[in-house]
Amino acid sequence: MTYTHHLTLDQPYGQAVESVRAALSEQGFGIITEIDMRATFEKKLDADAAEEIGDYIILGACNPSLARRALAAEPQLGALLPCNVIVRAGADDGHSIVEAMDPKVMVQLSDSDHVRAVADDADTRLRAALASLRRTD
């Protein structure tokens, strides 16, 4: 089962993170959480674990109007929010990998037409953000 949308950018990690932030913002998403996995592994495990994971950030993207609609339909969907988008360094310094959670995964957990509509809207917006990254790559 595929649960993410993904692409490889012809951009180094730092630039890719900024490009992803901008693309998400253009689609109405704000970043409400941010987890630097390299730093977390360094702190909680060790330098070897940090080096193994490499540059890797999880951005918790949230579109408040979509979240409001989803939570009004099913309050327990908050456990699936925000929409996580990861940016990680590629195999070489000039490339980065971007993966965004497929919001339609929520539909597999709910029979609600309201949830389906929100997931479709979120999916359209996330795909548009990724498409804009492809155009600027």
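Shown above is the structure to which this text applies.
So, here's what we can say about the structure.

Rules behind the numbers
Residues numbered from 1 in each chain as written. Predicted model: local features only at pLDDT ≥ 70, side-chain atom pairs only at ≥ 80, totals over all residues. Heavy atoms only, no water. Helix = DSSP H or I, 4+ residues; strand = E, 2+ residues; numbered from the N terminus. Rg over C-alpha atoms; globule rule 2.2 N^0.38 Å. Buried < 20%, exposed > 50% of the residue type's maximum accessible area, 1.4 Å probe, protein only. Contact = heavy atoms within 4.5 Å. Areas by Shrake-Rupley, 256 points an atom, 1.4 Å probe, with all protein chains shown as cover. Lys, Arg positive; Asp, Glu negative; His and termini not counted. Charge placed at Lys NZ, Arg CZ, Asp CG, Glu CD. Pairing = 2+ DSSP bridges. Axes fitted to C-alpha atoms, helices over the stretch in contact; angles between N-to-C directions. Polar contact = N/O pair within 3.5 Å; in protein donor to acceptor, adjacent residues only side chain to side chain. Core = buried A, V, L, I, M, F, W, Y, C linked by side-chain atoms within 4.5 Å. Arc of directions from axis to C-beta.

### Here's the deal with the overall build of the protein
Within the protein one finds 5 helices and 5 strands. Expected size for 137 residues packed as a compact globule is a radius of gyration near 14 Å; at 16 Å, the protein falls within 12% of this value. Expressed along its principal axes, the backbone C-alpha trace of the protein runs to roughly 45 × 35 × 25 Å. Residues classed as buried in the protein amount to 43% of the 137 residues present. Within the protein, counting contacts between residues at least 6 apart in sequence, those at least 24 apart form 68% of the total. Counting every atom, the protein has about 7600 Å² of accessible surface; 51% of that belongs to carbon and sulfur. Positive and negative side-chain charges in the protein, numbering 13 and 22 respectively, have mean positions lying 8 Å apart.

### Brief notes about the sheet that holds strand 2 (residues 30-36)
As summarised here, the arrangement of the 5 strands in space is 1-5-4-3-2, forming an open sheet in which the pairing is antiparallel. The sheet is open, and its two edges are formed by strand 1 (4-9) and strand 2, each paired on a single side. Taking each pair of neighbouring strands and ignoring which way they run, the sheet shows an average axis angle of 20°. Taken together, the 6 bridges between strand 1 and strand 5 (residues 96-101) define a ladder with antiparallel strand orientation. Paired with Leu-9 across the two strands is Ser-96, which belongs to strand 5. Here helix 1 (residues 13-26) sits on the sheet in contact with strand 1, strand 2, strand 3 (56-62), strand 4 (83-89) and strand 5, set at roughly 160° to strand 4.

### A closer look at the side chain of Glu-99
Relative to the helices and strands, Glu-99 is located in strand 5. In this structure Glu-99 comes out as buried when scored by relative accessible area, which is 18%. In this structure the side chain of Glu-99 is engaged in a polar contact, spanning 3.3 Å, whose partner is the side chain of Arg-88. Sequence-distant contacts of Glu-99, defined by excluding residues within four places in its chain, comprise Thr-4, His-5, His-6, Asn-84, Val-85, Ile-86 and Arg-88.

### Examining the nonpolar core
Counting 31 residues, the largest nonpolar core has Val-20, Leu-24, Val-85, Val-87, Val-98 and Leu-133 as its most contacted members. Listing elements by their share of this core, those giving two or more residues are strand 1, helix 1, strand 3, helix 4 (64-73), strand 4, strand 5 and helix 5 (113-136). Here this core gets 8 residues from one element, more than from any other, and that element is helix 5. If near-sequence neighbours (up to four positions away) are discounted, Val-98 is found in contact with His-5, His-6, Leu-7, Leu-9, Val-20, Val-85, Ile-86, Val-87 and Leu-130.

### A short note on the environment of Asp-120
With respect to the helices and strands, Asp-120 occurs in helix 5. Once the C-alpha coordinates of Asp-120 and Gln-27 are considered, the two residues, 93 residues apart in sequence, prove to be 14 Å apart.

### As for helix 4
When we look at burial in helix 4, the residues that qualify are Leu-66, Ala-67 and Ala-70. Taken down its axis, helix 4 places every buried residue within 100° of arc, on the same side. Exposed residues lying more than 90 degrees from the buried face of helix 4 are Pro-64, Arg-68 and Ala-72.

In short, shape yes, function no, at least from these values alone.
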